[in-house]
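Report on the structure
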Amino acid sequence: IFDCDGVILNSNTIKSDAFYQVTLPYGKEYASMLLDFHINNGGVSRYEKFEYFKKNIAKDESINIDELLSEFAARIKKAMLTCDICSDLSQLKYQHIDKNWIVISGGNENEIKEIFEKRKILHLFNGGIYGSPKAKDTIFKKLLKKGLIKLPAIYFGDSRYDFEVAKKYDVDFKFIFGWTEVINWKSFTKKNSLSYVEKISDLVL
C-alpha cells in the first residue's frame, strides 16, 4: 500500500505552496498558519485542511470551501504532471508481481487516477487507487472489511498520520524520507522503531 505525495510523486512542496497561495488573499498570517497546519498534518486531505482554515484560522463562515478547492486543484495540476516521479516502479512491481498494489492517499482520488494515467503508471496499482474526499482512516477500514487489503500488508508513507493509520489497523509501515516534510523524521522514526528508506526505488533488489 502506497501513499502518493512524497512517496510516488515529489509533490509535497507543490501542494504546500498551493495551500499558501490559495489562502494568501486572507492575509500572510492566516496563510502561514494554514501552511504550518498542513505540514504538521501531512496525509490529511485538503478538504479537512480548508475546513480547519475556515473554522479555526480565519473564523469566517462566508468562506466558500469549494472555491478554495477549485483554485487549489488548478494550481497543482500542471506541476503534478511534471514533478519528479519515483524511479524503478515497474522493476519493483515485476519483482513482486504476485502482490496487489494499492494507493491510499490524502490527495483527491480522481485527480490521482488522471495523473497516474497520464504518467503511465496507473496499471501498476492493480489493487486500486483510493483518496479524498474520504479520509485515509475510513479507506483502510473499508478495504479491510471488504477483504481488499489482506494482512500481512505494508504501507509506505512519509507522514506521522500515515504511520498512525497503519498502526491502528495492524498494517506494517516503512517510512519514506526522501521527499518528506516531517522535519524531525529521524527522531520520529527512532521513537517509533520504524524502518525507513530514502526512496521506494531503494527497495529494488
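Quick note: structure is the one above.
Calculation notes
Residues numbered from 1 in each chain as written. Predicted model: local features only at pLDDT ≥ 70, side-chain atom pairs only at ≥ 80, totals over all residues. Heavy atoms only, no water. Helix = DSSP H or I, 4+ residues; strand = E, 2+ residues; numbered from the N terminus. Buried < 20%, exposed > 50% of the residue type's maximum accessible area, 1.4 Å probe, protein only. Salt bridge = Lys/Arg side-chain N within 4 Å of Asp/Glu carboxyl O. Right-handed = clockwise from strand over helix to strand, strands pointing away.

Tracing the sequence through the fold places S16 in helix 1 (residues 12–23). Residue class for S16 comes out buried when judged on its relative accessible area of 6%.

Looking now at the pattern of salt bridges. Per the stated rule, a full pass over the model turns up 11 salt bridges. Residue D3 is joined to K136 by a salt bridge in which the shortest nitrogen-to-oxygen separation is 3.2 Å. Placement of D3 in the segment before helix 1 and of K136 in helix 7 (residues 136–146) is noted, with a sequence separation of 133 residues between them. Three or more residues are tied together by salt bridges with common partners; here these are D3, K136 and D162.

We now examine the pairing of strand 1 (residues 102–108). Where burial is concerned, most of strand 1 is hidden: seven out of the seven residues are buried. Handedness of the strand 1-helix 6 (residues 109–118)-strand 2 (residues 128–132) crossover: right-handed.

Among the secondary structure elements, H123 is positioned in the loop between helix 6 and strand 2. Given a relative accessible area of 58%, H123 falls into the exposed group. Sequence-wise, H123 and S90 are 33 residues apart; in three dimensions their C-alpha atoms are separated by 9.7 Å.

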